[in-house]
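Summary of structural features
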Amino acid sequence: MKPRRKNSISSPQAAPEPPMPEDPLMARLSTREAAMPPAMLRVAHFLNRNRVAILTHSAAELAALTGTSDATVIRTVQTLGFQGLAELRQSIAAGIGNSSAPLQHMRQTLDEVGSKEPAAVDIVLDTHADSLAKMREPKAREQIYKAVALLREAERIVIYAAGPSRPLAEYLRLLMGRHGQPAKVIGQGGLGLADELLDLSGRDRLLLLSYGKPYKEVQLVAAEAAIAGIPIVLVTDAPSGKLARAAQAIITARRGRTERVALHGATLIALEALVMGLAVSHHGRTIGTLTRLGHLRSALD
């Protein structure tokens with residue numbers, strides 16, 4: 001019996017740990033705290049221990065939390081070597097890490113608007129105006145009309161949504177219920193989704209809310225719909241993606257500007273347009289269900 005040949009590939013050495021990124025706030029505090037008066041030192045230590053508060057609170061709110069004034073907060077930030085609270089926020093956000101897309105997009109949005117609150121309001125209003133303008137174009141309207149035509153034949157509408165889209169789906173289900181349209185929301189992560197898919201049938205129609213690269217959960221939902229012969233209406237910001245090829249109608253609803261904070265106003269408008277279209281398609285059922293809703297509410301007065 002031949003002796004076992006030793007593996008000629010040596011075990012890889014453990015890679016040295018990367019150096020910890022510099023923490024500008026802590027570094028500057030350690031070199032300046034000895035010269036700070038007590039009130040500023042109290043603010044500086046609070047800021048160092050409460051990084052999230054820096055991102056979410058104004059100077060006045062930070063002052064209230066530290067028992068000082070907003071002027072003291074600003075002076076402390078400047079003494080620490082930052083031009084103002086906005087620059088400190090950017091430094092804190094940069095130090096949190098780059099692994100989170102929502103964080104990156106919020107950071108880029110904050111960089112764009114700076115510390116100007118009116119600019120933040122304007123970017124939301126202008127972004128939604130742009131998105132709505134695109135949805136009002138003839139080709140986009142035709143897709144919504146097509147989606148209504150597909151969904152109006154449903155015995156039940158199954159709405160898939162996950163993450164921030166889930167509350168929009170629950171709102172849509174509520175509206176459909178008020179119009180007499182049976183609807184179900186699915187979108188649990190992991191094994192819970194399997195239970196939600198058990199009762200899919202060919203009498204259903206699937207309304208799929210999916211943005212960006214589709215996860216395995218949404219791919220499974222689309223695959224199960226195909227097996228059951230269920231038409232798919234896809235609401236997405238990727239109308240030419242892989243998932244779109246499985247859909248019979250595609251509504252393009254942008255979630256804001258590329259690599260900026262996600263905004264869901266366009267999605268909500270598209271969903272409410274679908275609800276109104278379906279309400280007209282089943283006029284008698286809609287009026288009858290809303291009449292009964294009114295009677296039930298009166299009984300609760």
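This one's a predicted model, so the numbers in the text were calculated from it and none came from an experiment. (Residues numbered from 1 in each chain as written. Predicted model: local features only at pLDDT ≥ 70, side-chain atom pairs only at ≥ 80, totals over all residues. Heavy atoms only, no water.)

1. Some thoughts on the pattern of salt bridges
One pass over the full model with this rule turns up seven salt bridges. Between Asp204 and Arg156 there is a salt bridge; the shortest N-O distance is 2.8 Å. Taken together, the residues Asp204 in strand β3 (residues 204-209) and Arg156 in strand β1 (residues 156-160) connect sequence positions 48 residues apart. The pair formed by Asp204 and Arg156 is uniform in burial state, with each residue classed as buried. (Salt bridge = Lys/Arg side-chain N within 4 Å of Asp/Glu carboxyl O. Helix = DSSP H or I, 4+ residues; strand = E, 2+ residues; numbered from the N terminus. Buried < 20%, exposed > 50% of the residue type's maximum accessible area, 1.4 Å probe, protein only.)

2. With respect to the packing of helix α8 (residues 117-135) against helix α13 (residues 265-281)
Following both chains from N to C, one finds α8 and α13 inclined at 35°, their axes separated by 9 Å at the closest point. Where α8 crosses over α13, the handedness of that crossing is right-handed. Along the contact surface, α8 presents His128, Ser131, Leu132 and Met135, while α13 presents Gly265, Ala266, Ile269 and Ala270. (Axes fitted to C-alpha atoms, helices over the stretch in contact; angles between N-to-C directions. Left-handed = near helix turned anticlockwise from the far one by under 90°. Contact = heavy atoms within 4.5 Å.)

3. A few points about the sheet that holds strand β4 (residues 232-236)
One open sheet accounts for five strands, arranged β2-β1-β3-β4-β5; its pairing is parallel. The two strands at the open ends of the sheet, each matched to only one other strand, are β2 (183-186) and β5 (249-252). Adjacent strand axes in the sheet meet at a mean angle of 20°, parallel and antiparallel pairs treated alike. Pairing of β3 with β4, which is carried by four bridges, proceeds in the parallel orientation. Within β4, the residue paired with Leu209 across the bridge is Val235. Helix α9 (residues 138-151) contacts β1, β3, β4 and β5 of the sheet and is inclined by roughly 135° relative to β5. Seen against the sheet, helix α12 (residues 216-228) touches β1, β2, β3 and β4 and runs at an angle of roughly 160° to β3. (Pairing = 2+ DSSP bridges.)

4. Here we look at α13
Each α-helix turn comprises 3.6 residues. Residues three or four places apart therefore point the same way. For α13, built from 17 residues, the straight-helix expectation of 24 Å at 1.5 Å per residue is met to within 8% by its first-to-last C-alpha distance of 24 Å. Among the residues of α13, those classed as buried are Ala266, Thr267, Ala270, Leu271, Leu274, Val275, Leu278 and Ala279. (Expected span 1.5 Å × (residues − 1).)

5. Concerning the nonpolar core
General note: in soluble globular proteins, nonpolar side chains tend to be found buried as a group. With 30 residues, the main nonpolar core has Ile159, Leu207 and Leu274 as its most contacted residues. Contributions of two or more residues to this core are made by α9, β1, α10 (166-178), β3, β4, β5 and α13. Per-element tally for this core: the top contributor is α13, with six residues. Once you skip the residues sitting within four places of it in the chain, Leu207 turns out to touch Ile157, Val158, Ile159, Tyr160, Leu172, Val233, Val235, Leu271 and Leu274. Leu25, Leu80, Phe82 and Leu85 belong to the second-largest nonpolar core, a separate cluster that totals 20 residues. (Core = buried A, V, L, I, M, F, W, Y, C linked by side-chain atoms within 4.5 Å.)

6. Concerning the side chain of Thr66
On the secondary structure map, Thr66 appears in helix α4 (residues 59-66). Overall, Thr66 belongs to the buried group, its relative accessible area being 8%. Here Leu62 takes part through its backbone oxygen, which lies 2.9 Å from a polar atom of the side chain of Thr66. Beyond its immediate sequence surroundings of up to four residues, Thr66 is in contact with Arg42, Val43, Phe46 and Val73. (Polar contact = N/O pair within 3.5 Å; in protein donor to acceptor, adjacent residues only side chain to side chain.)

7. Here we look at the packing of aromatic side chains
Inspection of the entire model under this criterion finds zero aromatic pairs. A cation over a ring is seen here: Arg28 above Phe82, with NZ or CZ 4.2 Å from the ring centre. (Phe/Tyr/Trp six-rings, centres within 6.5 Å; stacked < 30°, edge-to-face > 60°. Lys NZ or Arg CZ within 6 Å of the ring centre and 35° of its normal.)

8. Some details on α9
Taking 1.5 Å per residue as the helical rise, α9 with its 14 residues ought to reach 20 Å, and the 20 Å between its terminal C-alpha atoms agrees with that figure. On its buried face, α9 sits against α8, β1, β3, β4, β5 and α13.

9. Comments concerning the environment of Leu193
Topologically, Leu193 is positioned in helix α11 (residues 192-196). For the pair formed by Leu193 and Glu217, sequence separation is 24 residues and the distance between their alpha carbons is 7.5 Å. With near-sequence residues (within four places) excluded, Leu193 lies in contact with Tyr160, Gly187, Gln188, Glu217, Leu220 and Val221.

10. What to know about the pairing of β2
Regular strands show a simple pattern: their side chains alternate between the two faces of the sheet. Bridge analysis of β1 against β2 gives four bridges, and the strand direction is parallel. Within β2, the residue paired with Tyr160 across the bridge is Ile186. Handedness of the crossover joining β1 and β2 through α10: right-handed. (Right-handed = clockwise from strand over helix to strand, strands pointing away.)

These figures come from the coordinates and say nothing about function on their own.
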